[in-house]
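Here is how the chains run, residue by residue.
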Amino acid sequence: MPVIRFEDVEKTFGDHTVLSNLNFDVAHGERVTLIGPSGSGKTTILRLVMTLESLTDGYIWIDGRPLTHDRRNGQRFALREKEVAQTRKKIGMVFQHFNLFPNMSVIDNLTEAPVHVLGRTKKEATERGMALLEQVGLADRSHAHPSNLSGGQKQRVAIARALAMDPEILLLDEVTSALDPELVGDVLEVLRNVADNTDISMLIVTHEMQFARDVSHKVMMFDGGQVIEQGRPDDLLGNPQHERTQRFLTSIL
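Residues numbered from 1 in each chain as written. Predicted model: local features only at pLDDT ≥ 70, side-chain atom pairs only at ≥ 80, totals over all residues. Heavy atoms only, no water.

**With respect to the packing of aromatic side chains**
Line of reasoning, step 1. One pass over the full model with this rule turns up 3 aromatic pairs.
Line of reasoning, step 2. A ring pair is formed by Phe6 and Phe24, whose centres lie 4.7 Å apart and whose planes are at 10°; its orientation type is stacked. One end of the pair, Phe6, is in strand 1 (residues 4-13); the other, Phe24, is in strand 2 (residues 16-26), with 18 residues separating them in the sequence. Summarising the burial analysis for this pair, Phe6 and Phe24 share the class buried.
Line of reasoning, step 3. For the pair Phe24 and Phe222, a centre-to-centre distance of 6.4 Å together with 75° between the ring planes defines the contact as edge-to-face. Of the two residues, Phe24 sits in strand 2 while Phe222 sits in strand 11 (residues 218-223), which places them 198 residues apart along the sequence.
Line of reasoning, step 4. Classification of Phe24 by relative accessible area gives buried; the value is 6%. (Phe/Tyr/Trp six-rings, centres within 6.5 Å; stacked < 30°, edge-to-face > 60°. Helix = DSSP H or I, 4+ residues; strand = E, 2+ residues; numbered from the N terminus. Buried < 20%, exposed > 50% of the residue type's maximum accessible area, 1.4 Å probe, protein only.)

Have a look at this one:
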(Lines give C-alpha, C1' and ligand atoms only; values in the text may rest on other atoms or scores of the structure.)
Protein backbone atom coordinates (compact mmCIF):
# COMPACT_ATOMS: atom_id res chain seq x y z
CA MET A 1 0.00 0.00 0.00
CA PRO A 2 1.48 3.39 -0.95
CA VAL A 3 2.04 6.03 1.71
CA ILE A 4 0.50 8.66 -0.62
CA ARG A 5 -1.96 7.99 -3.43
CA PHE A 6 -3.44 10.63 -5.72
CA GLU A 7 -6.62 9.35 -7.37
CA ASP A 8 -8.30 11.40 -10.12
CA VAL A 9 -7.26 14.61 -8.37
CA GLU A 10 -8.47 17.91 -9.76
CA LYS A 11 -7.72 21.40 -8.48
CA THR A 12 -9.10 24.59 -9.93
CA PHE A 13 -8.80 28.21 -8.89
CA GLY A 14 -11.82 29.93 -10.39
CA ASP A 15 -11.77 29.17 -14.11
CA HIS A 16 -8.13 28.09 -14.02
CA THR A 17 -7.43 24.35 -13.83
CA VAL A 18 -4.11 23.67 -12.08
CA LEU A 19 -4.32 19.88 -11.77
CA SER A 20 -6.45 17.59 -13.90
CA ASN A 21 -7.07 13.85 -13.51
CA LEU A 22 -3.83 13.42 -11.55
CA ASN A 23 -2.95 9.85 -10.53
CA PHE A 24 0.31 8.76 -8.90
CA ASP A 25 1.65 6.91 -5.84
CA VAL A 26 4.52 7.40 -3.42
CA ALA A 27 5.73 4.20 -1.77
CA HIS A 28 6.78 3.93 1.87
CA GLY A 29 10.31 5.30 2.21
CA GLU A 30 10.32 6.56 -1.37
CA ARG A 31 11.70 10.00 -2.22
CA VAL A 32 9.96 11.55 -5.21
CA THR A 33 11.01 14.85 -6.79
CA LEU A 34 8.61 16.94 -8.83
CA ILE A 35 10.16 19.17 -11.50
CA GLY A 36 8.70 21.46 -14.12
CA PRO A 37 8.12 25.10 -15.00
CA SER A 38 6.52 27.60 -12.64
CA GLY A 39 2.75 27.25 -12.64
CA SER A 40 2.78 23.56 -13.54
CA GLY A 41 1.06 22.55 -10.27
CA LYS A 42 4.01 21.20 -8.26
CA THR A 43 3.58 23.34 -5.14
CA THR A 44 -0.20 22.90 -5.30
CA ILE A 45 0.35 19.16 -4.95
CA LEU A 46 2.30 19.68 -1.71
CA ARG A 47 -0.29 22.13 -0.38
CA LEU A 48 -3.08 19.62 -1.07
CA VAL A 49 -1.24 16.90 0.87
CA MET A 50 -0.66 19.36 3.74
CA THR A 51 -4.38 20.34 3.52
CA LEU A 52 -3.44 23.99 2.96
CA GLU A 53 -5.57 23.81 -0.20
CA SER A 54 -8.79 21.87 -0.68
CA LEU A 55 -9.44 19.35 -3.44
CA THR A 56 -11.84 20.34 -6.20
CA ASP A 57 -12.40 16.68 -7.02
CA GLY A 58 -10.79 13.29 -6.51
CA TYR A 59 -9.11 11.72 -3.52
CA ILE A 60 -5.80 11.68 -1.67
CA TRP A 61 -5.06 8.62 0.44
CA ILE A 62 -2.44 8.51 3.22
CA ASP A 63 -1.48 4.98 4.30
CA GLY A 64 -4.71 3.82 2.67
CA ARG A 65 -6.85 6.25 4.67
CA PRO A 66 -8.68 9.17 3.06
CA LEU A 67 -7.04 12.52 3.78
CA THR A 68 -9.89 15.00 3.27
CA HIS A 69 -12.56 13.18 1.25
CA ASP A 70 -13.92 9.64 1.24
CA ARG A 71 -16.58 7.86 -0.78
CA ARG A 72 -19.56 5.79 0.25
CA ASN A 73 -22.06 4.14 -2.09
CA GLY A 74 -20.38 5.89 -5.00
CA GLN A 75 -20.76 9.31 -3.38
CA ARG A 76 -17.84 11.60 -2.49
CA PHE A 77 -18.03 13.43 0.85
CA ALA A 78 -15.76 15.60 2.99
CA LEU A 79 -14.38 14.25 6.24
CA ARG A 80 -14.71 16.07 9.55
CA GLU A 81 -11.82 18.30 10.58
CA LYS A 82 -11.02 16.02 13.53
CA GLU A 83 -10.47 13.10 11.15
CA VAL A 84 -8.38 15.23 8.79
CA ALA A 85 -6.22 16.48 11.67
CA GLN A 86 -5.53 12.93 12.84
CA THR A 87 -4.13 11.95 9.43
CA ARG A 88 -2.29 15.27 9.01
CA LYS A 89 -0.12 14.44 12.05
CA LYS A 90 1.80 12.04 9.80
CA ILE A 91 2.85 14.86 7.46
CA GLY A 92 5.51 17.54 7.86
CA MET A 93 6.31 20.38 5.48
CA VAL A 94 9.28 22.70 5.00
CA PHE A 95 8.36 25.90 3.20
CA GLN A 96 10.27 28.11 0.81
CA HIS A 97 10.15 31.05 3.26
CA PHE A 98 10.75 29.14 6.52
CA ASN A 99 7.44 30.16 8.25
CA LEU A 100 9.04 30.19 11.71
CA PHE A 101 7.21 31.87 14.58
CA PRO A 102 9.13 35.18 14.90
CA ASN A 103 8.15 35.80 18.54
CA MET A 104 9.47 32.41 19.71
CA SER A 105 13.01 31.20 20.30
CA VAL A 106 14.42 28.46 18.10
CA ILE A 107 13.79 25.73 20.67
CA ASP A 108 10.25 26.97 21.31
CA ASN A 109 9.59 26.78 17.55
CA LEU A 110 10.56 23.11 17.74
CA THR A 111 8.59 22.21 20.87
CA GLU A 112 5.30 24.06 20.27
CA ALA A 113 3.61 21.47 18.03
CA PRO A 114 4.94 18.30 19.72
CA VAL A 115 3.55 19.56 23.05
CA HIS A 116 0.20 20.88 21.82
CA VAL A 117 -0.51 18.49 18.93
CA LEU A 118 1.23 15.24 19.93
CA GLY A 119 0.76 15.66 23.70
CA ARG A 120 4.43 15.30 24.62
CA THR A 121 5.76 16.76 27.84
CA LYS A 122 7.81 19.93 27.61
CA LYS A 123 10.86 17.96 28.78
CA GLU A 124 10.43 15.26 26.12
CA ALA A 125 9.88 17.81 23.38
CA THR A 126 12.88 19.89 24.46
CA GLU A 127 15.22 16.87 24.56
CA ARG A 128 14.07 15.81 21.10
CA GLY A 129 14.33 19.38 19.83
CA MET A 130 17.88 19.81 21.10
CA ALA A 131 18.92 16.52 19.50
CA LEU A 132 17.54 17.74 16.17
CA LEU A 133 19.28 21.12 16.51
CA GLU A 134 22.50 19.21 17.10
CA GLN A 135 21.78 17.21 13.94
CA VAL A 136 21.36 20.38 11.85
CA GLY A 137 24.36 22.10 13.45
CA LEU A 138 22.47 24.74 15.45
CA ALA A 139 22.45 23.52 19.04
CA ASP A 140 24.27 26.71 20.09
CA ARG A 141 21.43 28.87 18.69
CA SER A 142 18.58 27.23 20.60
CA HIS A 143 17.63 30.41 22.48
CA ALA A 144 18.08 32.78 19.54
CA HIS A 145 15.09 34.28 17.76
CA PRO A 146 14.60 33.83 14.00
CA SER A 147 15.41 37.51 13.38
CA ASN A 148 18.95 36.81 14.58
CA LEU A 149 19.54 33.91 12.17
CA SER A 150 20.73 33.84 8.57
CA GLY A 151 18.41 32.49 5.89
CA GLY A 152 20.28 29.20 5.82
CA GLN A 153 20.05 28.86 9.59
CA LYS A 154 16.31 29.61 9.51
CA GLN A 155 15.79 26.90 6.92
CA ARG A 156 17.77 24.38 8.96
CA VAL A 157 15.58 25.24 11.98
CA ALA A 158 12.50 24.77 9.77
CA ILE A 159 13.73 21.30 8.77
CA ALA A 160 14.36 20.41 12.43
CA ARG A 161 10.89 21.69 13.34
CA ALA A 162 9.26 19.47 10.72
CA LEU A 163 11.27 16.45 11.93
CA ALA A 164 10.30 17.18 15.56
CA MET A 165 6.82 15.87 14.72
CA ASP A 166 8.33 12.49 13.64
CA PRO A 167 6.42 12.57 10.35
CA GLU A 168 6.03 9.61 8.02
CA ILE A 169 5.96 12.04 5.11
CA LEU A 170 8.14 15.12 4.59
CA LEU A 171 7.13 17.71 1.99
CA LEU A 172 9.87 20.04 0.74
CA ASP A 173 8.78 23.10 -1.23
CA GLU A 174 11.68 24.84 -3.00
CA VAL A 175 13.53 24.96 0.31
CA THR A 176 16.65 26.60 -1.13
CA SER A 177 15.16 29.07 -3.61
CA ALA A 178 14.97 31.96 -1.11
CA LEU A 179 18.59 31.50 0.04
CA ASP A 180 21.79 33.20 -1.01
CA PRO A 181 23.79 30.76 -3.19
CA GLU A 182 26.53 30.25 -0.57
CA LEU A 183 23.93 29.08 1.99
CA VAL A 184 22.32 26.45 -0.22
CA GLY A 185 24.96 23.76 0.33
CA ASP A 186 24.48 23.57 4.12
CA VAL A 187 20.72 23.14 3.81
CA LEU A 188 21.00 20.47 1.11
CA GLU A 189 23.60 18.62 3.18
CA VAL A 190 21.15 18.46 6.11
CA LEU A 191 18.48 17.05 3.82
CA ARG A 192 20.89 14.51 2.33
CA ASN A 193 21.62 13.31 5.87
CA VAL A 194 17.90 12.99 6.58
CA ALA A 195 17.47 10.99 3.36
CA ASP A 196 20.44 8.76 4.17
CA ASN A 197 19.56 8.09 7.80
CA THR A 198 15.76 7.82 7.94
CA ASP A 199 13.02 6.01 6.07
CA ILE A 200 10.81 9.11 5.83
CA SER A 201 8.92 9.32 2.55
CA MET A 202 9.64 12.60 0.78
CA LEU A 203 7.79 14.60 -1.84
CA ILE A 204 10.18 17.27 -3.09
CA VAL A 205 9.76 20.33 -5.31
CA THR A 206 13.14 21.74 -6.34
CA HIS A 207 15.15 23.28 -9.15
CA GLU A 208 18.36 21.83 -7.67
CA MET A 209 18.85 19.03 -10.15
CA GLN A 210 21.98 17.60 -8.53
CA PHE A 211 20.12 17.35 -5.23
CA ALA A 212 17.22 15.64 -7.03
CA ARG A 213 19.68 13.21 -8.59
CA ASP A 214 21.37 12.51 -5.25
CA VAL A 215 18.35 11.87 -3.03
CA SER A 216 15.43 10.81 -5.26
CA HIS A 217 14.23 7.35 -6.15
CA LYS A 218 11.96 8.84 -8.80
CA VAL A 219 11.66 12.16 -10.66
CA MET A 220 8.39 13.31 -12.21
CA MET A 221 8.20 16.05 -14.84
CA PHE A 222 5.05 18.20 -14.67
CA ASP A 223 3.62 20.56 -17.23
CA GLY A 224 0.11 21.98 -17.35
CA GLY A 225 -0.98 20.04 -14.28
CA GLN A 226 -0.08 16.67 -15.77
CA VAL A 227 2.78 14.20 -15.37
CA ILE A 228 4.40 14.10 -18.80
CA GLU A 229 7.41 11.92 -17.94
CA GLN A 230 8.75 10.03 -14.93
CA GLY A 231 11.65 7.74 -14.17
CA ARG A 232 14.78 7.15 -12.17
CA PRO A 233 16.84 10.32 -11.67
CA ASP A 234 19.77 9.26 -13.84
CA ASP A 235 17.42 8.27 -16.65
CA LEU A 236 15.08 11.25 -16.62
CA LEU A 237 17.67 13.93 -15.85
CA GLY A 238 20.41 12.39 -17.95
CA ASN A 239 18.44 11.17 -20.94
CA PRO A 240 14.92 12.66 -20.99
CA GLN A 241 12.62 11.24 -23.64
CA HIS A 242 9.90 13.87 -23.82
CA GLU A 243 10.64 17.00 -25.81
CA ARG A 244 9.12 19.24 -23.10
CA THR A 245 11.39 17.71 -20.46
CA GLN A 246 14.40 18.23 -22.72
CA ARG A 247 13.55 21.91 -23.21
CA PHE A 248 12.93 22.44 -19.48
CA LEU A 249 16.20 20.85 -18.41
CA THR A 250 18.15 22.75 -21.07
CA SER A 251 16.70 26.03 -19.75
CA ILE A 252 17.72 25.47 -16.13
CA LEU A 253 21.00 23.57 -16.41
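We are not done yet, so read on.
**Re the pattern of salt bridges**
Line of reasoning, step 1. Summed over the entire model, instances satisfying the criterion amount to 17 salt bridges.
Line of reasoning, step 2. Put simply, Arg88 and Glu81 hold a salt bridge, and the shortest N to O gap is 2.9 Å.
Line of reasoning, step 3. Given a relative accessible area of 24%, Arg88 falls into the partly exposed group.
Line of reasoning, step 4. Here Glu81 falls in the partly exposed class, since its relative accessible area comes to 49%.
Line of reasoning, step 5. Ionic pairing is found between Arg232 and Asp235, a salt bridge with its closest N-O pair at 3.1 Å.
Line of reasoning, step 6. A residue is classified by how much of its surface remains accessible, and Arg232, at 57% relative accessible area, is exposed. (Salt bridge = Lys/Arg side-chain N within 4 Å of Asp/Glu carboxyl O.)

**As for the sheet that holds strand 5 (residues 65-66)**
Line of reasoning, step 1. Taken together, 4 strands build an open sheet; the order of strands is 2-1-4-5 and the sheet is antiparallel. The open sheet is flanked by strand 2 and strand 5, the only strands paired with a single partner.
Line of reasoning, step 2. For strand 4 (residues 57-62) and strand 5, the ladder comprises 2 bridges, and the chain directions are antiparallel. Residue pairing for strand 5: Ile62 is matched across the bridge by Arg65. (Pairing = 2+ DSSP bridges.)

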